[in-house]
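# Report on the structure
Here are the chains, one letter per residue:
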Amino acid sequence: MRETDLMIIGAGPAGCSAAIYAVRSGVKTLMAGGAMPGGQLLQTNDLENYAGFENPVGGFELMSAMHKQCKRLGVEILTDENVKIEGEQSPFLLTASNGEQYKAAAVIIAAGASARWLGAPGEEKLKGHGVSACATCDGFFFRGKEVVVVGGGNTAFEDALFLSQFCPKVTLVHRREGFRADAVTIEKVKNTPNIFMMLNCVVEEVLGEEKVTAAVLRNVQTQEKTTLPCDGIFVAVGAVPQTAWLKGSAVELTESGLIKVDTHQRTNIDGIFAAGDCTEPEFRQAIVAADSGAKAGIAAASFVNLHR
Ligand SMILES: Cc1cc2nc3c(=O)[nH]c(=O)nc-3n(C[C@H](O)[C@H](O)[C@H](O)COP(=O)(O)OP(=O)(O)OC[C@H]3O[C@@H](n4cnc5c(N)ncnc54)[C@H](O)[C@@H]3O)c2cc1C
């Protein structure tokens, strides 16, 4: 069994940022990120909203720069997957699915999230070619194009408003007539002339060969199908925090599976911290994950140094 001061679970922006701060505080840091460390950003070609880059930066490029920075500072990046925490008191025992075991004084969980998708035929093939789960990330590439937003909560409504600023036509598709979005945002959407609503409708199929050309909608009441030509489909039906493996553990989760943290990214267990999308109810962005990762790194390093 290997011993370390700090084990970070997840090597996305939150994990890397936490590792940078912790290792620079003199804390021996291991970071487990799975066979392809890097997290969700590996799925995107161009980021235009991560501060510090004049031109768009590739997700792979950004994550490999973060990993190189971590390694230069002395962080060891492990390819271990499905790392689990045992025990409720520091030092914690951690086991990976390959059987490796670690003992760590502190743990930061930076396990991320994954978008909830529709599961409609054509969706998987056209992800990154018109199908997106992040209007903030990809919307800008759809300037002057007609797009569809799917969902009925605040994210969907805010995505529709955001896209309506540079897309001539935005169609909001929702499976019911009632919305979960707040009244003010709903009113704004209703008053935006280039946002149209298709209610009681679900996306039955995504059409297109190389890129999205249309969405086939089905009215859930009449079963009538409509083909709606569009260039992009933004799926805003929520995200799933990667925390299923913590269910039944002592780490407290919210109803939606997010890890509960305080302003210092502390969980309810002394010595276990969490950061990034697995704690974030709303602003799932790389820079936000890096921000909470930095806080977790600083807080975990203080914990380790205090308990030496
Ligand atoms: C297609 C797409 C495009 C995006 N574009 C942008 C953009 O343009 N700008 C922007 O700011 N944001 C963008 N985002 C959002 C951004 O990627 C996330 O907000 C950010 O990656 C969250 O970072 P994180 O470190 O919290 O989690 P993640 O990036 O999800 O990383 C978590 C890592 O932890 C690993 N992990 C989980 N559990 C375990 C375990 N038990 N053991 C070991 N490893 C584990 C996961 O495999 C994953 O590699 C995009 C997201 C997607 C999906």
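These notes cover the structure that comes with them. Keep in mind that this is a model prediction, so the values were computed, not measured. (Residues numbered from 1 in each chain as written. Predicted model: local features only at pLDDT ≥ 70, side-chain atom pairs only at ≥ 80, totals over all residues.)

## Considerations on the overall build of the chain
Broken down by element type, the chain carries six helices and 17 strands. In summary, the chain has a C-alpha radius of gyration of 21 Å against a globular reference of 19 Å for 308 residues, a match within 12%. Principal axes of the C-alpha set define a box for the chain whose edges measure 65 × 40 × 35 Å. The 308 residues of the chain split such that 44% are buried. Taking all contacts inside the chain whose residues are at least 6 apart in sequence as the whole, residues at least 24 apart take part in 61%. (Helix = DSSP H or I, 4+ residues; strand = E, 2+ residues; numbered from the N terminus. Rg over C-alpha atoms; globule rule 2.2 N^0.38 Å. Buried ≥ 20, exposed ≤ 12 C-beta atoms within 10 Å, placed from the backbone. Contact = placed C-beta atoms within 7 Å.)

## Comments concerning the pairing of strand β12 (residues 201–207)
Relative to strand β13 (residues 214–219), β12 is paired through six bridges, and the arrangement is antiparallel. Directly across from Leu207, in β13, lies its bridge partner Ala214. Hairpin connection of β12 to β13: six residues between the antiparallel strands, including Gly208 at a positive phi of 145 degrees. (Pairing = 2+ DSSP bridges.)

## Some details on the site of the ligand
Taken together, 38 residues lie around the ligand, and Gly10, Gly12, Gly39, Gly112 and Gly276 are the ones closest in. Elements represented by at least two residues in the shell around the ligand include exactly α1 (13–23), β7 (113–115) and α6 (286–306). The residue makeup of the shell around the ligand, split by class, is 20 nonpolar, 15 polar and three charged. Residues lining the shell around the ligand come from more than one domain, with at least three contributed by each of domain 1 (2–115 + 239–306) and domain 2 (131–235). (Near = placed C-beta within 6 Å. Nonpolar A, V, L, I, M, F, W, Y, C, P; charged D, E, K, R; others polar. Domains from an automatic or database assignment.)

## Concerning the nonpolar core
Membership of the largest hydrophobic core comes to 57 residues, with the highest contact counts inside it found for Leu6, Ala18, Ile108 and Ala300. Mapped by element, the contributors of at least two residues to this core are β1 (2–9), α1, β2 (29–32), α2 (59–73), β3 (76–78), β6 (101–109), β17 (272–274) and α6. At nine residues, α6 tops the list of elements feeding residues into this core. In contact with Ala300, other than residues within four places in its own chain, are Leu6, Ala18, Ala22, Ala106, Ile108 and Phe273. (Core = buried A, V, L, I, M, F, W, Y, C linked by C-beta atoms within 7 Å.)

## As for the sheet that holds β12
Strand pairing in a sheet takes place through backbone hydrogen bonds and is either antiparallel or parallel in direction. Across the sheet, three strands lie side by side as β12-β13-β14; this open sheet has antiparallel pairing. Of all the strands in the sheet, the pair left with one neighbour each is β12 and β14 (225–229). Neighbour to neighbour, the strand axes of the sheet diverge by 30 degrees on average, direction disregarded. (Axes fitted to C-alpha atoms, helices over the stretch in contact; angles between N-to-C directions.)

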